[in-house]
Structure formats: structure tokens, C-alpha cells
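# Summary of structural features
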Amino acid sequence: MTDTTSTALGAGPAAPPIEAAARAIHVRKSYGTGDAAVTALDDVTVRIPQSRFTAVMGPSGSGKSTLLHCMAGLDKVNAGQIFIGDVELSRLGDRALTRLRRDKVGFVFQAFNLIPTLTAIENITLPLDIAGRAPDRRWLDDIIDAVGLRDRLGHRPGELSGGQQQRVACARALTGRPEIIFADEPTGNLDSRSGAEVLSLLRDSVHDLGQTVVMVTHDPAAAAYSDQVLFLSDGRVVDRMAGPTAEAVLERLKGFEPAGGSTR
Ligand SMILES: Nc1ncnc2c1ncn2[C@@H]1O[C@H](COP(=O)(O)OP(=O)(O)O)[C@@H](O)[C@H]1O
Ligand SMILES: [Mg+2]
């Protein structure tokens, strides 16, 4: 026997392959029935590498939010499989799915979704409080420093700028150390400077803390913060770009049909 087995076991000197934090396999998703049915995802297979920053781009209506919602277990697929780590979501009952979303998935939404009556720090620790988990103080400290909000922790969302609110939302997503964070247009409501702060934070959470992040964006400059871009068109993954630059992404997007040009 040769020692090629050591490669199969991942024990060789070469760097081990990057694990998938999440996968979609031949996923189909439609809304409505009969003539009114809309195919939002049409046989989508994607692999989200661990500890990497993945951006999802494509024209409006191409299925980006649907893909995120299905991968995060917020919405059910019609066919195919979604895995978070090794767990296939369709095998889970409602309670197990709720627990998986709570313990393994973080979300950042365009609209921040903070509780207005709670302070920043209360918003940040809310998911842990609901889960009855004590925050890891050192980790929490690191995150508060990373998001740069130490002097704002006692403020309510209404007393914070949009960028600060979104950084609270990012801290909230990071605090539970989820296996993966999904962010749907997290900079969509922010001016470019605040947007850049949030994007740097997401990128640093990947490169410094090992977090896995998947972010939908329509902004090539935002996508340039990522490690890879997946391009959706008409519910299908049509391209992938590693090490994106804003210029290369913009050039690639020019090849798409104008929004609304779809007949699907
Ligand atoms: N809840 C829904 N009910 C009916 N159709 C929907 C629903 N959500 C999304 N769609 C449709 O599915 C397609 C993909 O939508 P979406 O995933 O939101 O696209 P994107 O995020 O890329 O703009 C669109 O045609 C949209 O109109
Ligand atoms: Mg969307």
C-alpha cells in the first residue's frame, strides 16, 4: 500500500480542503401555483466555504433573498437539499429547525431589525438571553471592540446613526458564534462611509475571527470586500468570481439582462 491514503485522510502536508459551512444541492423553490407560479430558484447548487466571505449578486428578482432565506432555514425548498454543516434542514422538525437557526445561524437584515426599547448591549445579547446562554465575556468584549461601540452600549437604537445600528446588528449576529452569518443587503440603507464600516467589520469577522459570512448585495464596491462572488440570474447560479474587484464585478454585471427582462 502506498501512502496516498494520508491524502485521503487529510493528514498530508498539504493544506486541508476548506470545509463547507453550508450547501444547497439542486434546490428548487417557487412561489404560488398554476399560472401564477414564479420560479425563484431553479436547480441551484452552491457550496459556501467555511471562514470565507461570500457575496451573492444578480439582478433584482434573480432569487438572491430566496436563496439566503432557504439556506438559513427561514423558508422551505420545494426540491433539493440544504445543509448547514452536516445537518440537512429538511430532516429537521420545526423545533429542531428553530433551535438550529437560533444556535448556528446569524442574520443581518437591510432594516437592522433592532428592538427599539432595548439598549445596544441588550440588543447584542438578546439572542443569548432568549436561549438562556451566558455570553462568553471575552468574546463579547472582542466583538464590542471590533464593532467600535464601547461608548454607545447604553444607547437605544433611536439614539444611534444607521451605521451604528447596523454595527449593533452585526455584533448581535456574531455574539453567539454562529456557524454562518447571512446578511441581505446589509448596507442597502447606509451612506457609503457607514456602509464601508459595516463591510470592513464583516470582512474582519471572517479574516480575524474565522466567521463564515454570506452577503447579498447589488453594489460592486461592497462585493469587492468578499473572497468570492456568486452570480444569480433568473433563479440560477450563472457564474462565480474569486478575489473580486469592484471593476471586475461591474464588468461581469453588464452582461446580465436588464431587470424585468426575464420571461421566466
Ligand atoms: N413571498 C413571495 N411570494 C411570491 N413571489 C415571491 C415571494 N418572494 C419572492 N418572490 C418572487 O421570487 C423571485 C425572486 O425573488 P427574490 O429572491 O426576492 O429576488 P432578489 O432578492 O434577487 O431581488 C421574484 O420573481 C419575486 O417576485
Ligand atoms: Mg432581495
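Residues numbered from 1 in each chain as written. Chains lettered and ligands numbered in written order. Predicted model: local features only at pLDDT ≥ 70, side-chain atom pairs only at ≥ 80, totals over all residues. Heavy atoms only, no water.

## Brief notes about empty space enclosed by the protein
Taken as a whole and judged by the stated rule, the model has 1 cavity of 30 Å³ or more. Counted as a void, the largest cavity has a volume near 50 Å³. Lining the largest cavity, in full, are Leu68, His69, Ala72, Leu74, Phe107, Val108, Phe109, Phe182, Ala183 and Asp184. Breaking the lining of the largest cavity down by element, the ones donating at least two residues are α2 (64-71), β6 (105-109) and β7 (180-184). (1 Å grid on protein atoms, 1.4 Å probe; cavity = no way out; pocket = protein on both sides within 12 Å on 5 of 7 lines; lining within 4 Å. Points joined across faces, edges and corners; volume = space filled by probe spheres on them. Helix = DSSP H or I, 4+ residues; strand = E, 2+ residues; numbered from the N terminus.)

## Side note on the pairing of β6
The element β6 is largely enclosed, with a buried count of 4 among its 5 residues. In the sheet, β6 pairs with β7 via 5 bridges, with the strands oriented parallel. Bridge pairing in β7 places Phe107 opposite Phe182. (Buried < 20%, exposed > 50% of the residue type's maximum accessible area, 1.4 Å probe, protein only. Pairing = 2+ DSSP bridges.)

## Topic: the sheet that holds strand β9 (residues 228-233)
With mixed pairing, 6 strands are arranged side by side in an open sheet as β6-β7-β8-β3-β9-β10. The sheet is open, and its two borders are formed by β6 and β10 (236-242), each paired with just one other strand. On average, each strand axis in the sheet is inclined to that of its neighbour by 20°, with strand direction left out of account. Across 4 bridges, the pairing between strand β3 (residues 53-57) and strand β8 (residues 213-216) is parallel. (Axes fitted to C-alpha atoms, helices over the stretch in contact; angles between N-to-C directions.)

## Here we look at the packing of helix α6 (residues 162-175) against helix α7 (residues 192-207)
Here α6 crosses α7 at 15°, and the two axes come no closer than 9 Å. Classified by the interaxial angle, the pair formed by α6 and α7 is roughly parallel. By crossing handedness, the relation of α6 to α7 is classed as right-handed. Across the interface between the two elements, Gly163, Gln166, Arg167, Cys170 and Leu174 from α6 touch Ser194, Glu197, Val198, Leu201, Leu202 and Ser205 from α7. Per-class residue counts for the contact of α6 with α7 are 5 nonpolar, 4 polar and 2 charged. (Parallel < 35°, antiparallel > 145°, perpendicular 65-115°, else oblique. Left-handed = near helix turned anticlockwise from the far one by under 90°. Contact = heavy atoms within 4.5 Å. Nonpolar A, V, L, I, M, F, W, Y, C, P; charged D, E, K, R; others polar.)

## Regarding the environment of Gly80
With respect to the helices and strands, the residue Gly80 is situated in strand β4 (residues 79-84). Separated by 27 residues in the primary sequence, Gly80 and Phe107 have C-alpha atoms spaced 23 Å apart.

## Observations concerning α6
Across its 14 residues, α6 extends 20 Å between first and last C-alpha, which sits within 8% of the 20 Å expected from 1.5 Å per residue. Phi turns positive, to about 50°, at Arg177, one or two residues after α6. (Expected span 1.5 Å × (residues − 1).)

## With respect to the layout of surface pockets
In this structure, the largest pocket encloses a volume near 420 Å³. Lining the largest pocket are 20 residues, with Arg102, Val105, Phe107, Pro127 and Arg172 positioned closest to its centre. Within the residue set of the lining of the largest pocket, elements represented by two or more residues are α3 (94-104), β6, α4 (120-131) and α6. Looking at side-chain class alone, the lining of the largest pocket contains 11 nonpolar, 3 polar and 6 charged residues.

## Some thoughts on the packing of α4 against α6
Between α4 and α6, the shortest axis-to-axis distance is 8 Å and the interhelical angle comes to 30°. Taken together, the axis directions place α4 and α6 in an arrangement best described as roughly parallel. In the packing of α4 onto α6, the handedness of the crossing is right-handed. Residues Ala120, Asn123, Ile124, Pro127 and Leu128 of α4 pack against Val168, Ala171, Arg172 and Thr175 of α6.

## Some words on the site of ligand 1
Tyr31, Val38, Ala40, Pro59, Ser60, Gly61, Ser62, Gly63, Lys64, Ser65 and Thr66 make up every residue found near ligand 1. Within the backbone of Gly63, a nitrogen or oxygen atom sits 3.1 Å from an oxygen atom of ligand 1. In this structure, Lys64 approaches ligand 1 through a side-chain N or O atom, which is 2.8 Å from an oxygen atom. Bound to the protein, ligand 1 loses 58% of the 560 Å² it would expose on its own. Listed by contribution, the elements that provide at least two residues to the shell around ligand 1 are β2 (38-49) and α2. When residues in the shell around ligand 1 are grouped by element, the largest group, 3 residues, is from α2. (Near = heavy atom within 4 Å. Polar contact = N/O pair within 3.5 Å; in protein donor to acceptor, adjacent residues only side chain to side chain. Areas by Shrake-Rupley, 256 points an atom, 1.4 Å probe, with all protein chains shown as cover.)

As far as function goes, none of this settles anything; it's purely spatial.
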